[in-house]
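Take a look at the letters that make up each chain.
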Amino acid sequence: METLLSPVVLFFLLGAMATLIRSDLAIPETIGKAMSLYLMAAIGLKGGVEVSQAGFTPDLVLAALAGLALSFLLPVPVFFLLRSIGRLDGTNAAAVAAHYGSVSVVTFVTGVEVLTGRGMAPAGYMVAVLALMETPAIISGLLLASRSGGQALQARGKLLHETLANGSVVLLVGSFLIGLIAGKPGFEPIAPVFEGAFRGILCLFLLDMGLIAARRLRETRSLTPVLMVLAIVFALMNGLIGVLVGAGLGLDAGSVAALGVLAGSASYIAVPAAMRLALPQADPGLYLGMSLAVTFPFNILIGIPIYAAVAEMVAR
Amino acid sequence: MTSRVANKTRLDILVDRPLLSVVTDILHDTRVTGHTVLPALEGEGAHGPWYEDQISGSQRKVMVICVAEPDTADRVLTLLQPLLDSHGIVVMTSQVGVVRGSKFA
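It should be emphasised that the depicted structure is a prediction, and the values quoted were computed from it without experimental measurement.

Rules behind the numbers
- Residues numbered from 1 in each chain as written.
- Chains lettered and ligands numbered in written order.
- Predicted model: local features only at pLDDT ≥ 70, side-chain atom pairs only at ≥ 80, totals over all residues.
- Heavy atoms only, no water.
- Helix = DSSP H or I, 4+ residues; strand = E, 2+ residues; numbered from the N terminus.
- Rg over C-alpha atoms; globule rule 2.2 N^0.38 Å.
- Contact = heavy atoms within 4.5 Å.
- Areas by Shrake-Rupley, 256 points an atom, 1.4 Å probe, with all protein chains shown as cover.
- Lys, Arg positive; Asp, Glu negative; His and termini not counted.
- Charge placed at Lys NZ, Arg CZ, Asp CG, Glu CD.
- Patch = residues over 30% accessible without salt bridge, like charges linked within 9 Å, V, L, I, M, F, W, Y side chains within 5 Å.
- Salt bridge = Lys/Arg side-chain N within 4 Å of Asp/Glu carboxyl O.
- Buried < 20%, exposed > 50% of the residue type's maximum accessible area, 1.4 Å probe, protein only.
- Arc of directions from axis to C-beta.
- Axes fitted to C-alpha atoms, helices over the stretch in contact; angles between N-to-C directions.
- Parallel < 35°, antiparallel > 145°, perpendicular 65-115°, else oblique.
- Left-handed = near helix turned anticlockwise from the far one by under 90°.
- Nonpolar A, V, L, I, M, F, W, Y, C, P; charged D, E, K, R; others polar.
- Buried area = accessible area lost by both parts, 1.4 Å probe.
- Polar contact = N/O pair within 3.5 Å; in protein donor to acceptor, adjacent residues only side chain to side chain.
- Phe/Tyr/Trp six-rings, centres within 6.5 Å; stacked < 30°, edge-to-face > 60°.
- Lys NZ or Arg CZ within 6 Å of the ring centre and 35° of its normal.

S.K.: So what exactly am I meant to see when it comes to the overall build of chain A here?
M.R.: Within chain A, the regular secondary structure consists of 16 helices and zero strands. Over its C-alpha atoms chain A spans a radius of gyration of 18 Å, differing by no more than 12% from the 20 Å that the globule rule assigns to 316 residues. When the backbone C-alpha atoms are referred to their principal axes, chain A occupies close to 55 × 45 × 40 Å. Put simply, of all contacts in chain A between residues at least 6 apart along the chain, 89% involve residues at least 24 apart. As presented, chain A carries roughly 12000 Å² of accessible surface, and 70% of it is formed by carbon and sulfur atoms. Side-chain charges of chain A comprise 17 positive and 16 negative groups, with the mean position of each set lying 10 Å from the other.

S.K.: Could you clarify how one ought to interpret a nonpolar patch on the surface in this entry?
M.R.: Residue and element names in this part refer to chain A. Taken together, V61, L65, L68 and L132 make up a surface patch of nonpolar side chains, about 320 Å² in accessible area. Counting residues per element, the nonpolar patch draws most heavily on helix 3 (residues 58–73), at three residues. Mapped onto the fold, V61 is located in helix 3.

S.K.: Can you help me understand helix 4 (residues 75–84) of chain A in this one?
M.R.: Residue and element names in this part refer to chain A. Taken together, the buried positions of helix 4 are P75, V78, F79 and L82. Around the axis of helix 4, the buried residues are gathered within 100° of arc, so they sit on the same side. Against the buried residues of helix 4 lie helix 3, helix 5 (90–101), helix 8 (136–147), helix 13 (225–248) and helix 16 (284–314).

S.K.: Help me out: how do you make sense of the packing of helix 5 of chain A against helix 15 (residues 270–278) of chain A in this one?
M.R.: Helix packing geometry: the angle between the two helix axes and the distance between the axes. Residue and element names in this part refer to chain A. Two elements in contact, helix 5 and helix 15, have axes whose closest approach is 9 Å; the angle formed by their N-to-C orientations is 155°. Taken as axis vectors, helix 5 and helix 15 run roughly antiparallel relative to one another. For helix 5 against helix 15, the interelement crossing comes out right-handed. When helix 5 is examined against helix 15, the residues A95, A98 and H99 are found in contact with a partner set consisting of V271, P272 and M275.

S.K.: Explain the packing of helix 2 (residues 29–54) of chain A against helix 10 (residues 167–187) of chain A to me, please; I cannot follow it from the model alone.
M.R.: Residue and element names in this part refer to chain A. Between helix 2 and helix 10, the shortest axis-to-axis distance is 6 Å and the interhelical angle comes to 45°. One element, helix 2, and the other, helix 10, form an angle in the oblique class. Crossing handedness for the pair helix 2 and helix 10: right-handed. Across the contact of helix 2 with helix 10, the residue classes tally to 13 nonpolar, nine polar and two charged.

S.K.: Help me understand the interface of chain A and chain B in this model?
M.R.: One widely used convention gives an interface's size as the accessible area the parts lose upon coming together. At the interface, 25 residues of chain A touch 22 residues of chain B. Counting the surface chain A buries against chain B, the share from its top three residues, E29, R221 and R276 of chain A, is 30%. Our count for the chain A to chain B interface comes out at one salt bridge. For the salt bridge of D16 of chain B with R276 of chain A, the shortest nitrogen-to-oxygen distance reads 2.4 Å. For the pair chain A and chain B, the interface holds two residue pairs in polar contact (both at pLDDT 80 or more). Breaking the side of chain A that touches chain B down by element, the ones donating at least two residues are helix 2, helix 12 (198–219), helix 15 and helix 16 of chain A. No other element matches the seven residues that helix 12 of chain A contributes to the side of chain A that touches chain B. In terms of residue class, the side of chain A that touches chain B is made up of 11 nonpolar, five polar and nine charged.

S.K.: Even after reading the chapter, I still don't get the packing of aromatic side chains, so can you show me in this structure?
M.R.: Any pair of aromatic rings gets described here by the distance separating the centres and the angle formed by the planes. All names here are of chain A. If you walk through the whole model with that rule in mind, you get five aromatic pairs over all chains. Plain terms: the ring middles of Y100 and F234 are 5.2 Å apart, the flat faces sit at 65° to each other, and that makes the pair edge-to-face. Within this pair, whereas Y100 is found in helix 5, its partner F234 is found in helix 13, the two being separated by 134 residues in sequence. Residue Y100 shares its accessibility class with F234, and that shared class is buried. Here Y268 and F296 contribute two aromatic rings whose centre-to-centre distance is 5.3 Å and whose plane-to-plane angle is 70°, an arrangement assigned as edge-to-face. Here Y268, found in the loop between helix 14 (253–264) and helix 15, pairs with F296, found in helix 16; they are 28 residues apart in sequence, far enough to count as distant. For the pair shown, Y268 and F296 are each scored as buried. Residue placement shows K46 over the ring face of F198; its charged tip is 3.6 Å from the ring centre.

As structure tokens, this is what we get:
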């Protein structure tokens, strides 16, 4: 309940409500994009600064390897559930599955805020894990598509470039490295921008995401009730797998919960653009509808507190 | 005045932003001398409404405009034809008059 009453979540609900009552409230797309870039730069910088202070620990390496493995493997059960229960063809199932192996930056940022409020702030290196988990799922999804007799992959060279040079990955990794190099003394002069304004801008961005998610849910024509249920099942299933893996590795409770948040989230920035290029036959209404209109709100409102609660129970 | 105007074919191609390079590659391959890309704000099609979408970017659409000789435009259409359904591309053609016709191959 405490989570639901935080300003971040309340702004998200305000955005969703505004769309549902057909208000003309709107945030210009360019401002939404700018806020998204700001949040990624800020979270990358803060993570880098924290790692510069704590140093490279074995936990960092373990969490990074776990993130890579989760991103690559989580699409597999998702794919088979979409084929068997969701009745999707191989191409669409693979495209959707890739989204569930990758991660949502905003879900992670919101999760960090919620966890910090509960006194279980995750380790700074989880930002690096976030960046590492963006892309392996794309490869996994494309392998699933080709193995299931889907269309031949389109534009391999461009896809490789899109995957490795994706703007969100470049910004996250780049700002993480800047934070790592600058350290706390270098970060202090710019902290008013990247730390002082962070929560306020996150609130405004969540307002925008509430508007976008509710609009997509209202207007989607691709989602069936079964797929909506699966979008929640995938979040819970993957999130709990992430928590259990994190606890098994002996990470601290905050980082365990953060790994759960990452595993339970679904991409709606890096993967949709890559899938549109690589599997143009797949329906964007399906993968964006499931990840953005169902899984994202579920995680913001219900998933994050669940992963945090389970992490508190199972972590060291 | 009229003698300065050359008859050409104009192509208006609506395509998802991530797939723009598929279209521009075809324009380069067919030696269309130039094109302009414009942002599209919103619309509605067979799959429902769409909007300028800078967060995910995957369904953000752009309009590619180019002017070419009718034969060149036909070659562009031939190459685009197999992609229309799979890539969700919309193409419109029109006959236009342009000044400085030599600039549009």
